[in-house]
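Now for the letters of each chain:
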Amino acid sequence: MHAPPNPWITSAPFFQGLPEDVVEPALTHLVTRTHPANQVILLENDWGGSVYFIIDGWVKIRTYNLEGKEVTLNIIGKGELFGEMAALDEVPRSTDVITLTLTMIGSMPAQDFVKLLHTEPLAGVRLSQLMARRLRQVNRRLRLRESDSQSRVADTLLFLAEGQGKKGQTGTEIPNLPHRELSSLSGLARETVTRVLTRLEKKGLIKRDQDILCVPDLLALEKMIV
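Bear in mind that the values here come from a model prediction, so they are computed numbers and not experimental data.

(A) Fine view of the sheet that holds strand 3 (residues 50-56). Taken together, 4 strands build an open sheet; the order of strands is 1-8-3-6 and the sheet is antiparallel. Both edges of this open sheet fall to strand 1 (31-35) and strand 6 (81-82), since each of them pairs with a single strand only. The pairing of strand 3 with strand 6 spans 2 bridges and is antiparallel. Bridged to phenylalanine 53 within strand 6 is leucine 81. Packing of helix 4 (residues 110-119) onto the sheet brings it into contact with strand 3 and strand 8 (103-109), and relative to strand 8 it is tilted by some 70 degrees.

Now the structure itself:
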């Protein structure tokens, strides 16, 4: 008999609504590991042998521009998956993935993931929804590239809070990421990000602790975007 699936895995957005008798065999070869912060999980041009699910923690998806400068494409957390494109295309990976915090990741062999998509139509729908959401996020960030720095930093924080923020006692919590990560994600200079964060904090729109950045009111922060 199969062991009961990890309750987090079965409640992850990708698996929600999928029949248990389909999910259990797909998770047979799932391997869970915990990684420290700043550890490389995947490298660009690696072959796609696995698909990865974030059980806890945060990772960044990065690449490099033509000048060799690091560009953060996305920061994702609990409930998200990555590595699915290389598994589907059977081509080398196009980005690096690095942990930002202590992170627990489950890896599924690519062939098991592809088999699940072939045998369960709803799995394909879930993956399409994930792709569509990520595309909308990219489009939103591109539209804001010409906006002022405050709008871009506020939108970056909202993007993180709405994606994987945790509800705390005083608002929505995200990791208090290094300013260089927010700089790369927003496309602004690190010094500019630091100034804007200080301004938002003085206005009470964010609260920063050592490890946590809290947004007390998402709607109030959204009103700062012009």
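So much for the structure itself; the text now carries on.
(B) Representation of the nonpolar core in the model. In terms of nonpolar packing, the biggest core is built from 25 residues, with Val153, Leu157, Leu160, Leu197, Leu200 and Leu221 touching the most fellow members. At 7 residues, the largest contribution of residues to this core is made by helix 6 (residues 149-164). Contacts of valine 153, omitting those with residues within four sequence positions, involve Leu188, Val193, Val196, Leu197 and Leu200.

(C) Spotlight on helix 4. Within helix 4, the full set of buried residues consists of Ala110, Asp112, Phe113, Leu116 and Leu117. An end-on view of helix 4 places all buried positions within 165 degrees of arc, on one side of the element. Projecting away from the buried face of helix 4 at angles above 90 degrees are the exposed residues Gln111, Lys115 and His118. As for helix 4, its buried residues are in contact with helix 2 (20-26), strand 3, helix 3 (84-89), strand 8 and helix 5 (121-143).

The rules behind the values
- Residues numbered from 1 in each chain as written.
- Predicted model: local features only at pLDDT ≥ 70, side-chain atom pairs only at ≥ 80, totals over all residues.
- Heavy atoms only, no water.
- Pairing = 2+ DSSP bridges.
- Helix = DSSP H or I, 4+ residues; strand = E, 2+ residues; numbered from the N terminus.
- Contact = heavy atoms within 4.5 Å.
- Axes fitted to C-alpha atoms, helices over the stretch in contact; angles between N-to-C directions.
- Core = buried A, V, L, I, M, F, W, Y, C linked by side-chain atoms within 4.5 Å.
- Buried < 20%, exposed > 50% of the residue type's maximum accessible area, 1.4 Å probe, protein only.
- Arc of directions from axis to C-beta.

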